[in-house]
Amino acid sequence: MAGLKDAAERKAFSVAIDAVLKSLNKDPDKALLNIVELTKKFMGDNFRADAYEGAKKMIQNPDAKWMKYVKRLLAETDPHVAKMTALNLGYQAAFAGTKQIRKMRVQEQCNIPWLILMDPTSACNLHCKGCWAAEYGNRLNLSFEELDSIVTQGKELGVYFYMMTGGEPLVRKADIIKLCEKHNDCAFHCYTNGTLVDQKLCDDMKRVGNLSLSISLEGFEDANDFRRGEGVYGKVLHAMDLLHENGLIFGNSVCYTSKNMDSVTSDEFFDLLIEHGSRFAWYFHLMPVGMKATPELMPTKEQREYIYHRIREVRAMEGGKEIFVMDFQNDGEFVGGCIAGGRNYCHINPKGDVEPCVFIHYSGANIREKSLLECLKQPLFMAYRDNQPFNDNMLRPCPMLENPEILQKMVHETGAHSTDVEEAEPVEHLCGKCVDYANEWKETADKLWAEHPHVAKGYQNFKKYQQQ
């Protein structure tokens, strides 16, 4: 009966979305207000009441920056892609899936992620300098049957959002499209170098409607081609233009370091992304992962403080730029600190090892030997659950980068092993590269957090929450 009810509710949401999208050309402001009401009807208290009112207020101000952004996004996006995004990422993942996840977390007494990041392959058509994924070589793959099994098991737990990286996931684009077709109630997202994007892929993406991309870009032509190879920068911009022309939703993935900080936070860089149709940008702090890592490329405390302010300036309600930017390391306040270990996400490498995070290569469970649920109950993940948040300061969220003593303790106590396929990295070696950084960042982070208007907010440990 529950399945029939869920199907009926999804159908009702689908019909309502169709009606709203059809009315966009006639009266976009009214259509957008209807979207807010539709969201409120189905999502309810998934969002705060003031969030709905804030959205309405923005819509009623046609000159608002984010109103212009939304109108441009809807006008330029293929209608089927827009509908499938609202249906799968909005209704299925954010509403129906979230309800199931919350239920399963209580029932199974473990972390159940909202999204799963997985590597279809270690293969890549490029050989970028310093890429942490390049160490995997070209010999490791999750078969289509294994990818299908992960998604099938995940849906039973309420997980309807799947991201893919690698390697270069689009080396497996035929299997990815096949996965999108089979699981057309899920949202899929690939982190890609962009060089394998062509018209055939764009046609397939429009047809399935449930695949979006983040394209790596870490500066301008000289910096990108020095690291990735001559001509790659031009291919990336061509891919972005092609996706934009086809009405597809995409953004960019930007790893910031001590060397490229100025260029990737400049007005010119954001203008470049917007000009070529990018809707969002994920900013990632360089992590010193692997025996051959270069910790000297980690941003200084001054640079990290700068990007903390700069990202907030760019995405402010007024001013800034018409692109939504997120900083994986500095936006902990919005997700309650570290989201890894299955709390909100986990990572499955191309060997099948289920890791707490794409940057934490330790595990005690493999999807080829255990069910997904059993992997989520492995001792390392349970240790994450017991210890999250790892710091009351949401600007010091990571058990490796800002709290290296905690990751060492969890790995040792749970018996987790290194899953680095090139060369096993002792946890002391990994965390040792972060000790000085953590100590230097602490003073700045504590100052920023003390000044922060949302200092009281943050994720509560599940045990303390249950006791309230």
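Residues numbered from 1 in each chain as written. Predicted model: local features only at pLDDT ≥ 70, side-chain atom pairs only at ≥ 80, totals over all residues. Heavy atoms only, no water.

As named in an unreviewed UniProt entry, the protein is Radical SAM protein, taken from Roseburia porci.

### Here's the deal with the domain arrangement of the protein
What the domain assignment reports for the protein is domain 1 (4–89) and domain 2 (110–452). Domain 1 and domain 2 are separated by 28 Å when their C-alpha centres are compared. Counting from both sides, the interface comprises 16 residues of domain 1 and, opposite them, 29 residues of domain 2. Area buried by domain 1 at its contact with domain 2 is led by Lys-65, Trp-66 and Asn-88, which between them contribute 31% of it. The interface formed by domain 1 and domain 2 holds two salt bridges in total. With a closest N to O distance of 2.8 Å, Glu-76 and Arg-279 form a salt bridge. Counting across the domain 1 and domain 2 interface gives 14 residue pairs in polar contact (both at pLDDT 80 or more). (Domains from an automatic or database assignment. Contact = heavy atoms within 4.5 Å. Buried area = accessible area lost by both parts, 1.4 Å probe. Salt bridge = Lys/Arg side-chain N within 4 Å of Asp/Glu carboxyl O. Polar contact = N/O pair within 3.5 Å; in protein donor to acceptor, adjacent residues only side chain to side chain.)

### Looking at the nonpolar core
Among the nonpolar cores identified, the biggest contains 117 residues, and Met-118, Tyr-283 and Leu-407 are the most heavily contacted of them. With eight residues, the single largest contributor to this core is helix H10 (residues 232–245). Ignoring any residue separated from it by four or fewer positions in sequence, one finds Leu-407 in contact with Ile-360, Tyr-384, Pro-399, Met-400, Val-427, Leu-430 and Cys-431. One finds Leu-32, Trp-66, Met-67 and Ala-96 within the second-largest nonpolar core, a separate group that totals 19 residues. (Core = buried A, V, L, I, M, F, W, Y, C linked by side-chain atoms within 4.5 Å. Buried < 20%, exposed > 50% of the residue type's maximum accessible area, 1.4 Å probe, protein only. Helix = DSSP H or I, 4+ residues; strand = E, 2+ residues; numbered from the N terminus.)

### Topic: unusual backbone geometry
Look at the link from Gly-166 to Gly-167: it is a cis peptide, with omega at 20°. Secondary-structure assignment places Gly-167 in the loop between strand S2 (161–164) and helix H7 (173–182). The backbone of Gln-109 shows a phi angle near 55°, a positive value even though the residue is not glycine.

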